[in-house]
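Fold and geometry: a report
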Amino acid sequence: MTPLLLSLLFACAGTLLTALAALPLAAWASGLPAPRRAAIESLLTLPLVVPPTAVGYLLLRLLGHDGPLGGLHLLFTPAAAVLAAALAGFPLLFRAALAAFEQTPPLIASAAAAAGLPPRAVWLRVRLPLAASGLTAGAALALARGIGEFGITMMIAGAIPGRTETASVAIYNANAAGRTTDADQLVFAVLLLSGLLLLMLSLLRRGR
Amino acid sequence: MLQFDLTLKAAAGHSALRATATIGQGTALLTGPSGAGKSTLLALLAGAITPQSGTLRWRDQHWSDGPRLLVPSHLRGLGWQPQSASLQPGWTARDHLDATYRFRPRRLDLETRAIDRLDLGPLMARRAGQLSAGEAQRVALLRALTACQGLLLLDEPVTALPPELARRAVELIASLTDEQGWTAIVVSHQPLEGLLPETRLEIADGLLRTA
């Protein structure tokens, strides 16, 4: 598969994976008292601030042969690239979801509960729809971050052409090998794709 | 019979409150200056806010004991109309009722009568986000009435309504409360025309008194 297609695939799968973790965690954190919520938010934002190579290195230790999760044999597989995209996008989606849940007028949810809706129904039918625009924005950012992922991917997924070599990695390799035309084409395609994503995002925001 | 002795410390969004009362069947009018804690008391009874200490009993159930909620809000069979916007903007009035009917029995006669008296027939299919303040207030009241299984909590239920509609709404509240054997606590700044409360409660400086 072409690097650009792989980038898209890994970013989409990574965003889905990260949503599965980020949404329930943000829902849980939004109900915590302020000091604990701030601590959780800081901790879960770390992958945004720590250099991607450092995150990748930690994962390498974790998933390596001697690591505690070495038995999963994830290193240098497409799954590792998905994991890299998921981890890179996680803080963005988590923070957007937390902010969206916090901004929900509490009275709308508690009035729905008093009218008979159990907590699950209040979340699924009231709080999630109210947070939808914030969640969409967060997911789009996570997706964009996943497409641009480089550091973590390099460390744990490598650059196996057609298998784990994403666009950002392929640009680096093409440039390093002096294949300027290849690099030009990839950069142009990535620019186009990212521009389209951002446009979609702002259209979504304006639509609300 | 509703019995409570609740203490709430001041926090973001509400002031401190100490409330002790026993309220029987029928309507109770709750008055007091702005910011005295009227809405906070209703939110406490609704289970939307957790008290620090004290007990709350409804009929033969213990609803809360100290900070522990023994019966969560959705199982209290409440009809609660909060004072400010409490409707899901994307839902129609119909959606609000249907959401409740998935968990509570539908009383078609009561519903039809309430829709008629509150003049909501033409508004049932409109999204809550598109309603005026007075319309939203009527929909919130309708939801409270159709959801209620015993304890009705109404927070300034008719302030945004024109006098004639307000009078009809109060009449509806009073007659349903009477017929269904509900206990209704109605918050209001002034006495409501057509409502002869069995109990009068007053909150001042965070303390509830039976007037």
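Quick note: structure is the one above.
Residues numbered from 1 in each chain as written. Chains lettered and ligands numbered in written order. Predicted model: local features only at pLDDT ≥ 70, side-chain atom pairs only at ≥ 80, totals over all residues.

1. Considering the overall build of chain B
The helix and strand inventory of chain B stands at five helices and eleven strands. Based on the C-alpha atoms only, the size of chain B along its principal axes is roughly 45 × 35 × 35 Å. A total of 211 residues make up chain B; the buried ones form 44% of that total. The contacts in chain B between residues at least 6 apart in sequence include a share of 70% that link residues at least 24 apart. (Helix = DSSP H or I, 4+ residues; strand = E, 2+ residues; numbered from the N terminus. Buried ≥ 20, exposed ≤ 12 C-beta atoms within 10 Å, placed from the backbone. Contact = placed C-beta atoms within 7 Å.)

2. Considerations on the pairing of strand β10 (residues 199-204) of chain B
Residue and element names in this part refer to chain B. Taken together, the four bridges between strand β3 (residues 26-31) and β10 define a ladder with parallel strand orientation. Counterpart to Leu-30 in the pairing with β10 is Leu-201. Pairing of β10 with strand β11 (residues 207-210) involves four bridges; the strand directions are antiparallel. Across the sheet, the residue bridging to Glu-202 is Arg-209, located in β11. Linking β10 back to β11 in an antiparallel pair, the connection comprises two residues, with Asp-205 at a positive phi of about 50°. (Pairing = 2+ DSSP bridges.)

3. Description of the interface of chain B and chain A
Contacts between chain B and chain A engage 19 residues on the former and 15 residues on the latter. Residue composition of the side of chain B that touches chain A, grouped by class: ten nonpolar, seven polar and two charged. (Nonpolar A, V, L, I, M, F, W, Y, C, P; charged D, E, K, R; others polar.)

4. Focus on the packing of helix α3 (residues 108-117) of chain B against helix α4 (residues 133-147) of chain B
All names here are of chain B. Between α3 and α4, whose axes approach to 10 Å, the crossing angle comes to 160°. With respect to their mutual orientation, α3 and α4 come out roughly antiparallel. As for the relative orientation of α3 and α4, their crossing is right-handed in sense. Contacts between α3 and α4 pair Leu-110, Glu-111, Ala-114 and Ile-115 from the former with Leu-142, Leu-145 and Thr-146 from the latter. Per-class residue counts for the contact of α3 with α4 are five nonpolar, one polar and one charged. (Axes fitted to C-alpha atoms, helices over the stretch in contact; angles between N-to-C directions. Parallel < 35°, antiparallel > 145°, perpendicular 65-115°, else oblique. Left-handed = near helix turned anticlockwise from the far one by under 90°.)

5. Re the nonpolar core
Ranked by internal contacts, the top residues of the largest apolar core, which has 123 residues, are A:Ala84, A:Leu93, A:Ala97 and B:Leu153. When residues in this core are grouped by element, the largest group, 18 residues, is from helix α4 (residues 78-103) of chain A. In this view, B:Leu153 contacts B:Leu42, B:Leu45, B:Ala46, B:Leu78, B:Gly79, B:Trp80 and B:Ile185; residues no more than four positions away in its chain are not counted. (Core = buried A, V, L, I, M, F, W, Y, C linked by C-beta atoms within 7 Å.)

6. Side note on α4(B)
Taking 1.5 Å per residue as the helical rise, α4(B) with its 15 residues ought to reach 21 Å, and the 21 Å between its terminal C-alpha atoms agrees with that figure. For α4(B), a buried count of 13 out of 15 residues is recorded, marking the element as mostly surrounded by other parts of the structure. (Expected span 1.5 Å × (residues − 1).)

7. Examining the environment of A:Val122
All names here are of chain A. Take Val-122: it is sitting in helix α6 (residues 119-130). Taking the C-alpha atoms as reference, Val-122 lies 6.6 Å from Ala-112; in sequence the two are ten residues apart. Excluding anything up to four places from it in sequence, Val-122 contacts Ala-109, Ala-112, Ala-113, Leu-117 and Arg-127.

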